[in-house]
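Each chain, letter by letter, is given below.
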Amino acid sequence: MTYTTLSQFFSRHFAMKVQKLSINAGFTCPNRDGTVGRGGCTYCNNQTFNPDYCSPHESVAEQLERGKAFFAHKYPAMRYLAYFQAYTSTYAPTSHLIALYEEALGVKDMVGIVIGTRPDCMPPELLEWLAAKAKTTFVMVEYGVESCYNRTLQRINRGHDFACAERTIQLTKAAGIHVGTHFILGLPGESHADIMASVPLINRLAPDTLKLHQLQIVRGTRMAEEYAEKPHDFGLYSTADDYCQLVCDVLERLAPGIAVERFTSSSPKSLLIAPDWGMKNHEFTALVQREMLRRGSKQGCKIEAGR
Ligand code: SF4
């Protein structure tokens, strides 16, 4: 491969194939309920990131059993990571969180947990518990960083700045916990040069894994209203090829030690306003691979040259 994949990262930690299983444990979000902000991030409609097998009406264990059934017939030897994905999965009293994480880890064939959250939502007592857990099992926290620019973070109403992400990621790594990060490419006000200038900052964060997403305008969000009013404010990547060029430019400057989990998001068609490339994630991944080969590039190949 021309870049470091999630499977390569997992193969450093597991002898067998592992699959993340998403859970909706019924959390909310401090950027929606007024604790940090109201209305949430302007692009967010949480319906877009919940697979069909997740329902907060079922227990964590029930959701995981259903998720396992989804994959087990194809790959009986597969093992699983419980992925607390929806909303802010560290936003509840610590004792309740620990009970849910323990419930997940108690399900047969679970070999670890992955917890998606915001950088401003990692209380010290929870970090301490996760650090102790990480000594005996696989623990990863995925932080939504989204942008390295405070002006962008303000514009999209994230409710935290980049320094907060830097601090929390450092603390998490120092606690011996694996760190994933999530960034959105193409946020309003960010040029190609801005995005390229953020890659060294991502390298400095040195997460274990990185998820990149193209900005998608989704129904029912504040951003959808902004887009309807001023579409020219948004430099959306109107074709998959344009976005592929950007992704390859990023990969060429990304430290090879950072595994790239994904390049795109795919919101349900019924919710997606733009851009709609009609392309599946794996098709886009193949496009990136072809373009990297055409360029004769590998992840990080332009770091030393300083280009
Ligand atoms: S993206 Fe995450 S932090 Fe932002 S509003 Fe949605 S759930 Fe909350």
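Here, residues in each chain are numbered from 1, in the same order as that chain's written sequence. Residue-level local features of this predicted model are given only where pLDDT is at least 70; pairs of side-chain atoms are given and counted only at 80 or more, and the full residue set underlies all totals for whole chains, interfaces and linings. Calculation of side-chain values draws on the structure's entire complement of heavy atoms; hydrogens and water are dropped beforehand.

Chemist: Pulling in residues and values, what's your account of the overall build of the chain?
Modeler: Secondary structure is summarised from DSSP: a helix means a run of H or I of at least four residues, a strand means a run of E of at least two, and numbering begins at the N terminus for each. Along its length, the chain carries 10 helices and nine strands. Within these notes, the globule rule equals 2.2 Å times the number of residues to the 0.38 power, and the radius of gyration is based on C-alpha atoms. Relative to the 2.2 N^0.38 estimate, which gives 19 Å for 307 residues, the radius of gyration of the chain is 19 Å and therefore close to what a compact globule would have. Here the C-alpha coordinates of the chain stretch approximately 45 × 45 × 40 Å along the principal axes. Here the chain holds 307 residues, and the buried ones make up 54% of them. In the chain, 33 positive and 31 negative side-chain charges are present, and the distance between their average locations comes to 4 Å. Note on classification: 1.4 Å probe, protein chains only; a residue is buried when its accessible area is under 20% of the maximum for its type, exposed when over 50%, partly exposed between these limits. Charge counting follows a simple rule: Lys and Arg are positive, Asp and Glu are negative, and His as well as the terminal groups are ignored. The location of each charge is read from NZ of Lys, CZ of Arg, CG of Asp or CD of Glu.

Chemist: So what's going on with empty space enclosed by the protein? Which residues, and what values?
Modeler: Both cavities and pockets are sets of points on a 1 Å grid over the protein atoms alone; in a cavity a 1.4 Å probe fits but cannot get out, in a pocket the set is open with protein on both sides within 12 Å along at least five of seven lines, and lining residues sit with an atom within 4 Å of a point. Grid points are joined across faces, edges and corners, and a volume is the space filled by probe spheres set on the points. A full pass over the atoms with the stated rule returns one cavity of 30 Å³ or more. Taken as a whole, the largest cavity holds about 70 Å³ of empty space. Lining the largest cavity, in full, are E146, S147, C148, F183, I184, L185, E190, I195, S198, V199, I202 and V250. Per-element accounting of the lining of the largest cavity gives the leading share, four residues, to helix α7 (residues 192-205). Under the scheme applied here, ten amino acids are nonpolar (Ala, Val, Leu, Ile, Met, Phe, Trp, Tyr, Cys and Pro), four are charged (Asp, Glu, Lys and Arg), and all others, including Gly, are polar. Split by residue class, the lining of the largest cavity holds eight nonpolar, two polar and two charged.

Chemist: Which residues make up helix α3 (residues 94-105), and what values do they have?
Modeler: Counted at 1.5 Å a residue, the expected span for α3 with its 12 residues is 16 Å, and the 16 Å between its end C-alpha atoms agrees. Within α3 the residues assigned to the buried category are T94, L97, I98, L100, Y101, A104 and L105. For α3, the angular spread of buried residues about the axis comes to 165 degrees, placing them on one side. Here a helix's expected span is defined as the number of its residues, less one, multiplied by 1.5 Å. Arc, as used here, means the arc of the directions from the helix axis to the C-beta atoms.

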